[in-house]
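One-letter residues, chain by chain:
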Amino acid sequence: MAEDNFFERVYAIARQIPYGKVTSYGAIAKALGTARSARMVGWAMNACHNMEDVPAHRVVNRKGLLTGKHHFDGTNLMQQLLESEGIEVVDNQIVDLEKHFWTPEVSTI
């Protein structure tokens with residue numbers, strides 16, 4: 001059950017990502033106190049397909065690449081969701097990542 005608890009902690013942080021902002025798998029892992037578990041955060045995001053309250057489209061890799069885009073229905077849904085929030089995406093990468101990046105606070109969850 002430890003994995004389920006970890007996933008729920010990931011989702012709790014993902015739900016806090018503000019509209020028009022993105023964060024990275026690594027930033028979520030670091031906020032959880034498990035800085036080396038960015039890949040596990042990715043697995044958690046992949047597992048939240050049907051959870052409409054988790055804005056998975058706002059989680060990208062550390063360089064701003066839409067690495068999770070193939071987990072969304074439709075070819076460009078992740079990009080379209082981000083663009084609808086005012087985030088420019090070119091070649092599957094967020095333009096001006098620093099401007100849009102949100103760093104989660106270290107969690108006590």
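Residues numbered from 1 in each chain as written. Predicted model: local features only at pLDDT ≥ 70, side-chain atom pairs only at ≥ 80, totals over all residues. Heavy atoms only, no water.

A. Fine view of helix H3 (residues 38-46). Taken as a whole, H3 has its buried residues at Val-41, Gly-42, Ala-44 and Met-45. One face of H3 carries all of its buried residues, which in axial projection span an arc of 160°. (Buried < 20%, exposed > 50% of the residue type's maximum accessible area, 1.4 Å probe, protein only. Helix = DSSP H or I, 4+ residues; strand = E, 2+ residues; numbered from the N terminus. Arc of directions from axis to C-beta.)

B. Highlighting the nonpolar core. With 30 residues, the main nonpolar core has Val-10, Val-41, Met-45, Leu-82 and Ile-94 as its most contacted residues. Of all elements in the fold, only helix H1 (2-14), helix H2 (25-31), H3, strand S2 (59-60) and helix H4 (77-84) reach the threshold of two or more residues within this core. Looking at this core element by element, the count peaks at six residues for H1. (Core = buried A, V, L, I, M, F, W, Y, C linked by side-chain atoms within 4.5 Å.)

C. Quick look at the pattern of salt bridges. For the coordinates displayed, the defined rule picks out two salt bridges. The closest approach of N and O atoms between Asp-53 and Arg-15, which form a salt bridge, is 2.7 Å. Of this pair, Asp-53 sits in the loop between H3 and S2 while Arg-15 sits in the loop between H1 and strand S1 (23-24), placing them 38 residues apart in sequence. By relative accessible area, Arg-15 is classed as partly exposed at 34%. Linking Glu-85 and Arg-58 is a salt bridge whose minimum nitrogen-to-oxygen distance equals 2.9 Å. Of this pair, Glu-85 sits in the loop between H4 and strand S3 (89-90) while Arg-58 sits in the loop between H3 and S2, placing them 27 residues apart in sequence. The class of Glu-85 is buried, set by a relative accessible area of 11%. (Salt bridge = Lys/Arg side-chain N within 4 Å of Asp/Glu carboxyl O.)

D. Structural context of the environment of Phe-6. Tracing the chain through its elements places Phe-6 in helix H1. When the C-alpha positions of Phe-6 and Met-40 are compared, they lie 8.6 Å apart, and in sequence the two are 34 residues distant. Sequence-distant contacts of Phe-6, defined by excluding residues within four places in its chain, comprise Leu-32, Thr-34, Ser-37, Met-40 and Val-41. (Contact = heavy atoms within 4.5 Å.)

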